[in-house]
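If you want the building blocks of each chain, they are given just below.
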Amino acid sequence: MRLSFVIPCYHSELTIGSVVEEICSKMSEKPDIDYEIIAVNDSSPDDVLTVLKELAEKDKRVMVVDLAKNVGKHGAEMAGFSFASGDFIVALDDDGQCPMDKLWELIEPLYNGYDISIAKYPIKKQSAFKNFGSKMNALMAQFLIEKPRSLYLSNFSAMKRFVVDEMKKYDKPYPYLDGLMLRTSSKICNVDMEERERAAGVGHYTFKRSLKLWLNGFTAFSVKPLRISAILGLICAFIGFVYGTVTIINKLAHPEIQAGYSSTMAVLLFIGGMIMMMLGMVGEYIGRIYICINNSPQYVIRETINMDRENR
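Structural notes, computed from the coordinates. Predicted model, so just to flag it, every value in this text is computed and none were measured.

Some words on unusual backbone geometry
Unusually for a residue other than glycine, Ser 43 sits at a positive phi of about 50°. Mapped onto the elements, Ser 43 comes out in the loop between strand S2 (34-41) and helix H2 (48-58). For Asn 306, which is not glycine, the phi torsion reads 65° and is therefore positive. By the secondary structure assignment, Asn 306 is in the segment after strand S8 (301-305). We classify Asn 306 as buried; its relative accessible area is 9%.

Following this line, the structure appears as structure tokens:
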């Protein structure tokens, strides 16, 4: 048995050392299980790469992937997955919030028929804005990619080897891990545990990053938004036809009625806004198709440390 831990790192020079140390301490409880730790530096502006190199020098089981540019958490995890060789792969954050003391509880369902196990936090220890964003992302996943209502998605998860192998086949830009997991297997469970406080520093998942991730999920694995646009277009066309018919009949019946400027402008603005929204949605899909056709890389690796086969 071999475990692979994949950790995307960004602004975590103060926390990644304790995260790696806790993993090693937890794994020492079961010396018969081999393991590797794959830390991915997502072009972090702080000195986390230096810390990772020091950790890798002390322990050959710590492997480092240094990305040439920032690609976001999901892209960094995909880079880590490409090097993972374990029978089970555990994905976790670099800030110490993932309860590593519950590792064996997280992995246990994989021995009992499940393919993916995800930590569930009854109380999320994050800002109100991030809680709102998480709820919106959950609703979007439930509607667009058919996430079960009862399934909770979080950043602390364990997967079987074949799940990660299937996810790695997606080599296009804009990876969305929740969608990749949900389309790979339906045998997914939650494990209740308590989320920890962040070990140090503050979160760096800005509104811009959250919006970008939400758009990835919105457009990556479903054409439902385009279908909704078509339905809205038909509804608006029907309303416009009915309104126009009523206006003509009313004018014929009462010639003295003056045409209303306000109502005309309201209709024009409504129809124009709907058209622009639908064109923007179509444009988002076309833009992503164009980028995929250009073979834009999911990530670019500058260097790796401890990835030679003797150490694996």
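Some remarks on the packing of aromatic side chains
Following the criterion strictly, the structure yields 3 aromatic pairs and no others. Ring geometry for Phe 5 against Tyr 35: centres 6.4 Å apart, planes inclined by 80°, an arrangement best described as edge-to-face. Highlighted residues: Phe 5 in strand S1 (residues 2-9) and Tyr 35 in strand S2, separated in sequence by 30 residues. Here the aromatic rings of Phe 88 and Tyr 111 are separated by 5.3 Å at their centres, their planes lie at 75°, and the arrangement is edge-to-face. Of this pair, Phe 88 sits in strand S4 (residues 88-91) while Tyr 111 sits in the loop between helix H4 (103-107) and strand S5 (116-120), placing them 23 residues apart in sequence.

Here we look at helix H3 (residues 73-81)
Among the 9 residues in H3, 9 count as buried, and that is most of the element. Those residues of H3 that fall on the buried side of the exposure criterion are Lys 73, His 74, Gly 75, Ala 76, Glu 77, Met 78, Ala 79, Gly 80 and Phe 81.

Brief notes about the packing of helix H1 (residues 16-27) against H2
Running from N to C, H1 and H2 cross one another at 30°; their axes reach a closest spacing of 10 Å. Our classification of the angle between H1 and H2 gives roughly parallel. For the pair H1 and H2, the sense of crossing is right-handed. Packed against H1, whose contacting residues are Ile 16, Gly 17 and Val 20, the element H2 presents Val 48, Val 51, Leu 52 and Leu 55 at the interface. Split by residue class, the contact of H1 with H2 holds 6 nonpolar, 1 polar and no charged.

Comments concerning the pairing of S1
With 8 of 8 residues buried, S1 lies mostly within the body of the structure. In S1, alternate side chains face the same way, and those of Arg 2, Ser 4, Val 6 and Pro 8 on one face and Leu 3, Phe 5, Ile 7 and Cys 9 on the other are all buried. One ladder, built from 8 bridges, connects S1 with S2; its direction is parallel. From the neighbouring strand, Phe 5 faces S2, where its bridge partner is Ile 37. Chirality of the crossover, the property in question, places the unit of S1, H1 and S2 among those that are right-handed. Both S1 and S4 contribute to a ladder of 4 bridges, which runs parallel.

Basis of the calculations
- Residues numbered from 1 in each chain as written.
- Predicted model: local features only at pLDDT ≥ 70, side-chain atom pairs only at ≥ 80, totals over all residues.
- Heavy atoms only, no water.
- Helix = DSSP H or I, 4+ residues; strand = E, 2+ residues; numbered from the N terminus.
- Buried < 20%, exposed > 50% of the residue type's maximum accessible area, 1.4 Å probe, protein only.
- Phe/Tyr/Trp six-rings, centres within 6.5 Å; stacked < 30°, edge-to-face > 60°.
- Axes fitted to C-alpha atoms, helices over the stretch in contact; angles between N-to-C directions.
- Parallel < 35°, antiparallel > 145°, perpendicular 65-115°, else oblique.
- Left-handed = near helix turned anticlockwise from the far one by under 90°.
- Contact = heavy atoms within 4.5 Å.
- Nonpolar A, V, L, I, M, F, W, Y, C, P; charged D, E, K, R; others polar.
- Pairing = 2+ DSSP bridges.
- Right-handed = clockwise from strand over helix to strand, strands pointing away.

Note that all results are geometric; they support no functional claim without further evidence.
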